[in-house]
2 protein chains.
Amino acid sequence: MGTTQLESVPEPKYWHLRTVLSEALDSDFAVGEILPNERDLAARFGVARATLRQALEQLELEGRLQRRRGVGTTVAPPRTAVSVSTAQHDWPGAPGDAWQTADATAAVPPTAVARLFDAATGEEMHTVRRTRVAHGQAVAAELLYVPVGSVPELSAIDVPSGPARGRAVLRELQRLELEGQERAVELGSARADDAKELDRLPGAPVLVVTTRYFAGGRTAAVSVATYRADTCRLTFGDSVDVEINHPGQQRQAS
Amino acid sequence: MGTTQLESVPEPKYWHLRTVLSEALDSDFAVGEILPNERDLAARFGVARATLRQALEQLELEGRLQRRRGVGTTVAPPRTAVSVSTAQHDWPGAPGDAWQTADATAAVPPTAVARLFDAATGEEMHTVRRTRVAHGQAVAAELLYVPVGSVPELSAIDVPSGPARGRAVLRELQRLELEGQERAVELGSARADDAKELDRLPGAPVLVVTTRYFAGGRTAAVSVATYRADTCRLTFGDSVDVEINHPGQQRQAS
DNA sequence: CAGTGGTCTAGACCACCGG
DNA sequence: CGGTGGTCTAGACCACTGC
């Protein structure tokens, strides 16, 4: 097929397996269907279970499969498109921004985050935890860092830690004039707390979206959002919900 | 420390190893430094090599390490910021867009790409291969699909396959009025051809950036760009080159 | 409880790089 | 050539899910 010519140096078994399985998924399986268990599959293809697992790992990374301990391996639906840039010029927490405020405390941000603020040190900040849900599933966990100086009207003593305080911080942010924002996307692995929130194992691949919010000539807030890389496709701009990336169409099993 | 309390259910060895190694990288190693080989490291930590490798894999995924067969494992520099949205309203191939045109042929796009064009079928399209280089390293490979109908002035017979044809396609695109574009980012694994171009093994994690270009009321072109996920951080908006994501600062070894 | 995926081991061989 | 990371095996045990 196409460029699949004779290979003098054969590709790794797990890679070949991945391809074979991928084609099988396209043609013989329906979304949600359960695959045979790993031991059976490995035996069927004449490879060790570890090798079979390496192939499954690839397919899971590509969003084709979903594996759950104690349950089995199922065919994943197409990735859900998650809009990241709607309301390009809105603060987090603006009306209808798809995030649910979970909690807020005061904490010292990791140094990597602190470095995004101008002249930042070990300063304590408002730290708001939020969750994003799509199709009834948690797809992202966010930590929003807001220096106390950015929301001077809010006295930390007034509002105890908890969801109410998170909402208060967000409310105060809306009062500022947002001068711009700056986004970056990179690959990461879920830390223990995020993994739990996303119903994944620690180390699961995530897309880390870091956003700096500018106001008053400086960085007024920083958001670090981790999206499930296996189930999400981040869209920028006014996106239509079109499936991409999968080489073939999902078909119904006969 | 901090929340690292007693764990009734211990975390996996490889995850703990990842953390230990990560901290060691922060404090005891300089960028570019070579780590002890895997067999020695495994022995030193009293684990099987496979377990050690699982930890290294995590760190490589996070952009902390770089492994090269036959050479060794080195400490990776901070990810390079790669701007994805410069010239938000320019066609690909606009002056100074950081891409190098490599080649162009006529080919039928994969069905997943074809679906992004309105009413597309097995139609042949101009297919331009481009490469993006940053800091002397290939960081991304792109396939740009342009329906023949989008660039009517260009007769395929005129220009034989090759770089010249790629430049011709891009030149014709500039003549159209770009009405908008739509981007999506998702995780993928490098296909064999992309992997080769990016100097990685097949299956290496990549960030797939899919862009639809609109002109004349329809999709005039689609670009599928795969960025090395280990070494790149995609930036949107006018980004400054600030390091993020790494919990600690890179320090010089004593 | 049985069955699933997740972790871990000890060892072997291969592909690649550099001297 | 020796040393590196990459692949693969066969087996064991653990953690979780659902019945």
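Keep in mind it's a predicted model, so treat the numbers as computed, not measured.

Analysis parameters
Starting from 1, residues in each chain are numbered consecutively following that chain's sequence as written. A letter from A marks each chain and a number from 1 marks each ligand, given out in the order of writing. Per-residue local features of the predicted model are confined to residues with pLDDT of at least 70, and side-chain atom pairs are confined, for both listing and counting, to 80 or more; whole-chain, interface and lining totals are unaffected and use all residues. Only hydrogens and water are set aside when side-chain values are computed; all heavy atoms of the structure are taken into account. Helix numbering and strand numbering both begin at the N terminus, where a helix is a DSSP run of H or I of at least 4 residues and a strand a DSSP run of E of at least 2. Exposure categories follow from relative accessible area, calculated using a 1.4 Å probe and restricted to protein chains: below 20% of the type maximum is buried, above 50% is exposed, and the middle band is partly exposed. Residue contacts are counted whenever heavy atoms from the two residues lie within 4.5 Å of one another. Per-residue accessibility takes into account occlusion by the displayed protein chains alone, with areas from the Shrake-Rupley method and a 1.4 Å probe. A single heavy atom is enough: if one lies within 4 Å of a molecule or strand, its residue is considered near that molecule or strand. Whenever a nitrogen or oxygen atom comes within 3.5 Å of another N or O atom, the pair is scored as a polar contact, on the condition that within protein one atom can donate a hydrogen and the other can accept it, and that pairs from neighbouring residues in sequence are kept only if both atoms are in side chains. Charged residues are taken to be Asp, Glu, Lys and Arg, nonpolar residues to be Ala, Val, Leu, Ile, Met, Phe, Trp, Tyr, Cys and Pro, and polar residues to be all remaining types, Gly included. For two strands to pair, DSSP has to find at least two bridges joining them. Note on method: axes are straight lines fitted to C-alpha atoms, helices fitted across the in-contact stretch only, with angles between N-to-C directions ranging 0 to 180 degrees. Regarding the arc, it is the one traced by the directions from the helix axis to the C-beta atoms. For salt bridges, the criterion is a side-chain nitrogen of Lys or Arg within 4 Å of an Asp or Glu carboxyl oxygen. Expected span, for any helix, means 1.5 Å times one less than how many residues it has. These descriptions rest on fixed angle ranges, namely under 35 degrees for roughly parallel, over 145 for roughly antiparallel, 65 to 115 for roughly perpendicular, and the rest for oblique. Rotating anticlockwise by less than a right angle from the far helix to the near helix defines a left-handed crossing, while the corresponding clockwise rotation defines a right-handed one.

*Asks:* What's the story with the overall build of chain A in this structure? I'm lost.
*Replies:* Along its length, chain A carries 6 helices and 10 strands. Split into buried and exposed, the 254 residues of chain A put 51% on the buried side. Nonlocal contacts in chain A, meaning residues at least 24 apart in sequence, comprise 66% of its contacts between residues at least 6 apart. About 12,300 Å² of surface is accessible on chain A, with carbon and sulfur atoms providing 53% of the total.

*Asks:* How should I be thinking about the protein's contact with DNA strand C in this particular structure?
*Replies:* Lining the immediate environment of DNA strand C, one finds 27 residues, of which Arg49(A), Arg53(A), Lys13(B), Ala48(B) and Thr51(B) sit closest. Between Arg69(B) and DNA strand C, the recorded distance is 3.3 Å, taken from a side-chain N or O atom to a sugar or linking oxygen. When residues of the surface near DNA strand C are traced back to their parent elements, those giving at least two are helix H2 (38–45), helix H3 (49–61), strand E1 (65–68) and strand E2 (72–75) of chain A together with helix H1 (13–28) and helix H3 (49–61) of chain B. When residues of the surface near DNA strand C are assigned to their parent elements, the largest contribution, 4 residues, is made by H3(B). The residue inventory of the surface near DNA strand C, partitioned by class, reads 8 nonpolar, 8 polar and 11 charged.

*Asks:* Honestly, the sheet that holds strand E8 (residues 205–215) of chain B in this entry has me stumped. Any pointers?
*Replies:* Either a parallel or an antiparallel arrangement is found when strands of a sheet pair, and the pairing is made through backbone hydrogen bonds. Read across the open sheet, the 8 strands follow the order E3(A)-E10(A)-E7(B)-E8(B)-E9(B)-E6(B)-E5(B)-E4(B); overall the sheet is mixed. The open sheet is flanked by strand E3 (80–83) of chain A together with strand E4 (99–107) of chain B, the only strands paired with a single partner. Within this sheet the neighbouring strands show an average axis-to-axis angle of 20°, counted without direction.

*Asks:* Before we go on, may I ask you to explain the sheet that holds strand E3 (residues 80–83) of chain B in this structure?
*Replies:* On the basis of which strands lie adjacent, the open sheet formed by 8 strands has the order E4(A)-E5(A)-E6(A)-E9(A)-E8(A)-E7(A)-E10(B)-E3(B) and mixed pairing. Two strands lie at the open edges of the sheet, namely strand E4 (99–107) of chain A together with E3 of chain B, each paired on one side alone. Sheet twist, expressed as the average angle between the axes of neighbouring strands with direction ignored, equals 20°. Those strands touched by helix H5 (residues 163–174) of chain A are E4, strand E5 (125–134) and strand E6 (137–147) of chain A, and its axis lies near 95° from that of E4(A).

*Asks:* Is there a simple way to explain helix H2 (residues 38–45) of chain B in this structure?
*Replies:* Think of an α-helix as turning once every 3.6 residues; residues three or four places apart then point the same way. All names here are of chain B. Where H2 is concerned, the buried positions are Glu38, Leu41 and Ala42. An end-on view of H2 places all buried positions within 100° of arc, on one side of the element. Facing away from the buried surface of H2 by more than 90 degrees, the exposed residues are Arg39, Ala43 and Arg44. The N-capping residue of H2, defined by a side-chain oxygen 2.9 Å from the backbone nitrogen of arginine 39, is asparagine 37. Note on H2: the residue one or two positions beyond its end, glycine 46, has a positive phi of about 70°.

*Asks:* Mind showing me how you'd approach the pattern of salt bridges here?
*Replies:* A pair can form between side chains of opposite charge whenever their charged atoms are brought close. Under the definition given, this model contains 40 salt bridges over all chains. The shortest N-O distance in the salt bridge between Arg228(B) and Asp230(B) comes to 2.8 Å. The exposure classification of Arg228(B) matches that of Asp230(B), with both residues buried. Among the ionic contacts, a cluster of salt bridges with common partners joins Glu38(A), Arg49(A), Arg53(A), Glu60(A), Arg67(A), Arg200(A), Arg228(A) and Asp230(A).

*Asks:* Which parts of the structure should I look at to understand helix H5 (residues 163–174) of chain B?
*Replies:* All names here are of chain B. An ideal rise of 1.5 Å per residue puts 16 Å on 12 residues; H5 measures up with 17 Å between its terminal C-alpha atoms. Within H5, the full set of buried residues consists of Arg165, Gly166, Ala168, Val169, Leu170, Glu172 and Leu173. Where the residues of H5 are buried, they touch E4, strand E5 (125–134) and strand E6 (137–147).

*Asks:* I keep staring at the packing of H1(B) against H3(B) and nothing clicks. Help me out?
*Replies:* Relative placement of two packed helices is described by the angle separating their axes and the distance separating the axes. Residue and element names in this part refer to chain B. Taken N-terminus to C-terminus, the directions of H1 and H3 make an angle of 55°; their axes are 8 Å apart at the nearest point. By the criterion of interaxial angle, the relationship of H1 to H3 is oblique. For the crossing formed where H1 meets H3, the hand is right-handed. Between H1 and H3, the residues in contact are Lys13, Tyr14, Trp15, Leu17, Arg18, Leu21, Ser22 and Leu25 and Thr51, Leu52, Gln54, Ala55, Leu56, Gln58 and Leu59, respectively. Taken together, the residues of the contact of H1 with H3 break down into 9 nonpolar, 4 polar and 2 charged.

*Asks:* Looking at this model, I keep getting lost on the protein's contact with DNA strand D. Mind explaining?
*Replies:* Taken together, 27 residues lie near DNA strand D, and Lys13(A), Thr51(A), Asn37(B), Arg49(B) and Arg53(B) sit nearest. If you look at DNA strand D and keep only atoms within 4 Å of the protein, 66% of those are sugar or phosphate atoms. The contact in question runs from a phosphate oxygen of DNA strand D to an N or O atom on the backbone of Lys13(A), over 2.3 Å. Note that a phosphate oxygen of DNA strand D is positioned 3.5 Å from one of the side-chain N or O atoms of Arg67(B). Listing elements by their share of the surface near DNA strand D, those giving two or more residues are helix H1 (13–28) and H3 of chain A together with H2, H3, strand E1 (65–68) and strand E2 (72–75) of chain B. At 4 residues, H3(A) tops the list of elements feeding residues into the surface near DNA strand D. Residue composition of the surface near DNA strand D, grouped by class: 8 nonpolar, 8 polar and 11 charged.

On their own, these measurements won't tell you what the molecule is for.
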